[in-house]
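# Reading the structure
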Amino acid sequence: EQTSGLVKGNWRVAPLHQLPIGWLGLKDEGVRYPRPHMIGFPGSDVPMPQKLDQSTWNAAWRYDGDGRLPGFELEAFYDDVKNERTNGGAVPVFGKPPGYTFGERLETAGANLLLQSMVGATPIRYGLNYQDRKASAINPTRLGFEGNTGEERADVIGIFAETSVTFGQIWTLEAGARWDWYGYDDNHDQSYSSNGISPNANLTLQITKPLALWAGVSSTLRGVGPKEIFMLDNGPGPYIYRNAPDLDPERANNYELGVLYDDGTWSFKGSIFRMTIDDYLALVFTGGPTPSATRTNVGEVKSNGFEIGGGYRHGPLRIDMSLADARPKLNGYDLGDGDFSLGTTIGLTLLASVRYEIPQWNLVMGWNGRFVQDVEYNPAGATEPAHKPGYGVNDIYLSWLPKGEDSLRLSIGVRNLFNQFYYDQATYGYSADRGMFLGHADPGRNLWANVAWRF
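### Examining the overall build of the chain
- Scanning the chain for helices and strands turns up zero helices and 25 strands.
- The burial tally for the chain puts 33% of its 455 residues in the buried class.
- Partitioning the contacts of the chain with sequence separation of at least 6, the portion at a separation of at least 24 is 59%.
- Here the chain displays about 25,400 Å² of accessible surface, and carbon together with sulfur accounts for 59% of that area.
- Across the chain, 40 positive and 52 negative side-chain charges occur, with their mean positions spaced 4 Å apart.

Structure representation (structure tokens):
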């Protein structure tokens, strides 16, 4: 059962000044597995009544600028998410006895300031961000165990600036940088801090009106932050999740080359990329008489890939198609489901769509297809290559505007038209450390209808 509400308002207090405010509320109750992706872990397959509550507030002050003073937007926000579940089984689960209610809470507060000024004909966007997060376990049972406090806190402050400059009529340079200060106190009274710069640049060459080449580079720092909140008071068996005392921040470096073409009828895009993440943070499990689970810097991530695509538009007809592939690795091994906090290996993926409009009837009909090739890969710890079967999924839809405008829209469709039985490769694969395949099959044929009324 779900109940949700959204309220948004805007007060134009004076010329060039606005005060928008908003609230979002969500309640979700149901019986679910606590960790459905972790097949084989004790307690992951015990149905549990669960209740999620979320409340989000935000308010802002916007000033459009008058030539003398720069335009700006100052926003403040607060978000509170609570998730509670009750052990509905007959035996303890995650150390929680039958009938025991436990869960997690995350409170996030912050502010963002964005300004824009003109230096001659060049726009410059700049500002600062602030965010404070408090994560805590609800009804914890392991308070004090190995010094566990059941609570973590983190904050980050960042300043940034970015601009876009056109020169020689065919060159456009977009560049920016931000500096962040990270602070983090974990649930074992360990403190971490880090800071650094994250620059980026993108250069575009407009060879002709429809054809452009571009190149981009970025380097991004991510400081040490809170663990998954579930880990503050839970663990498989006797584990209690800890941070290593000497964690380093992660840094990602990304390089891309691309081409764009669009003459109004035919379009094409293509890009290749190379990404690395240094000092990647992950959990390391240690067995023995005193087992442990420690979050530490485990090594280097590398991912090389490409994406190509194109389209055709003529009158009421539009056809689009894209092909993408990437091979992410951690310390030289292909990513598998055991690396779910980072990613996994997916086969060559083809996306295609056809859309056709009948204006005199106010109708739009379409088809979407996703086709994923089977893939063989070598995750860490596996004694032989793992394999994921491929699949193809087809969706169709029909949308009608009875009044000829967007105030009333009726839509129907069918997802997975041919009732394909498959496991999505993004959530399914061989787990070397468990010695088994993980995951659940995706839904079969799904008929849906929707009525949207705007006023």
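After that view of the structure, there is still more to cover.
### Regarding the nonpolar core
- Judged by nonpolar contacts, A154, Y184, Y192, V224, A244, L247 and L281 together constitute the single largest core of seven residues.
- Excluding its chain neighbours within four sequence positions, the residues that come into contact with V224 are Y184, Y192, S194, L247, D248, P249, L281 and R295.

### Regarding a nonpolar patch on the surface
- Together, L128, Y130, I157, I159, W179, W181 and I197 make up a nonpolar patch on the protein surface, roughly 600 Å² of accessible area in all.
- Those elements that place two or more of their residues in the nonpolar patch are β6 (122-138), β7 (151-167) and β8 (171-185).
- Relative to the helices and strands, I159 resides in strand β7.
- A relative accessible area of 40% places I159 in the partly exposed class.

### Points about unusual backbone geometry
- For N331, which is not glycine, the phi torsion reads 55° and is therefore positive.
- Residue position: N331 is located in the loop between β15 (317-330) and β16 (333-334).
- Even without a glycine there, the phi angle at N419 is positive, about 55°.
- Locating N419 in the fold gives a position in the loop between β22 (408-415) and β23 (429-431).
- Owing to a relative accessible area of 41%, N419 belongs among the partly exposed residues under this scheme.

### Re the packing of aromatic side chains
- Counted by the stated rule, this structure contains twelve aromatic pairs.
- Judged by centre distance (5.2 Å) and plane angle (85°), the ring pair of F94 and F230 falls under edge-to-face. Taken together, the residues span a long stretch of sequence, with F94 in the loop between β4 (71-86) and β5 (101-119) and F230 in the loop between β10 (211-222) and β11 (241-243) at a distance of 136 residues.
- F230 sits in the buried class, given a relative accessible area of 8%.
- Considering the side-chain rings of F421 and Y423, the 5.7 Å spacing of their centres and the 85° angle between planes classify their relative orientation as edge-to-face.
- One aromatic cluster is present, formed by W61, Y63 and F72 through successive ring pairs.

### A closer look at the pairing of strand β18 (residues 363-372)
- Examined bridge by bridge, strand β17 (residues 349-358) and β18 share ten bridges and lie antiparallel to one another. Bridged to Y356 within β18 is M365.
- As consecutive antiparallel partners, β17 and β18 are separated by four residues, and within that stretch N362 has a phi angle of approximately 60°, a positive value.
- Both β18 and strand β21 (residues 391-400) contribute to a ladder of ten bridges, which runs antiparallel. Note that in β21 the partner of V364 across the bridge is S399.

### Describing the environment of G305
- Looking at the secondary structure, you find G305 in strand β14 (residues 292-314).
- Considered as a pair, G305 and F273 are 32 residues apart in the sequence and their alpha carbons are 5.6 Å apart.
- Not counting residues up to four positions away in its chain, the partners in contact with G305 are S271, I272, F273, D325 and A326.

### A few points about the pairing of strand β9 (residues 191-206)
- Sheet topology places β8 next to β9; 15 bridges connect them, and they run antiparallel. Across the sheet, the residue bridging to E174 is N202, located in β9.
- If you look at the hairpin formed by β8 and β9, you'll find five residues sitting between the two strands, and D189 has a positive phi there, around 60°.
- Relative to β10, β9 runs antiparallel, the two sharing seven bridges. Note on β10: the bridge partner recorded for L203 is A215.
- Hairpin connection of β9 to β10: four residues between the antiparallel strands.

### Some remarks on the pattern of salt bridges
- In the structure shown here, the tally under the stated rule is 23 salt bridges.
- Between E162 and R125 there is a salt bridge, and its shortest N-O distance comes to 2.8 Å. Placement of E162 in strand β7 and of R125 in strand β6 is noted, with a sequence separation of 37 residues between them.
- What makes E162 partly exposed here is its relative accessible area of 33%.
- With relative accessibility at 35%, the residue R125 sits in the partly exposed group.

Reading the values: the criteria
- Residues numbered from 1 in each chain as written.
- Predicted model: local features only at pLDDT ≥ 70, side-chain atom pairs only at ≥ 80, totals over all residues.
- Heavy atoms only, no water.
- Helix = DSSP H or I, 4+ residues; strand = E, 2+ residues; numbered from the N terminus.
- Buried < 20%, exposed > 50% of the residue type's maximum accessible area, 1.4 Å probe, protein only.
- Contact = heavy atoms within 4.5 Å.
- Areas by Shrake-Rupley, 256 points an atom, 1.4 Å probe, with all protein chains shown as cover.
- Lys, Arg positive; Asp, Glu negative; His and termini not counted.
- Charge placed at Lys NZ, Arg CZ, Asp CG, Glu CD.
- Core = buried A, V, L, I, M, F, W, Y, C linked by side-chain atoms within 4.5 Å.
- Patch = residues over 30% accessible without salt bridge, like charges linked within 9 Å, V, L, I, M, F, W, Y side chains within 5 Å.
- Salt bridge = Lys/Arg side-chain N within 4 Å of Asp/Glu carboxyl O.
- Phe/Tyr/Trp six-rings, centres within 6.5 Å; stacked < 30°, edge-to-face > 60°.
- Pairing = 2+ DSSP bridges.

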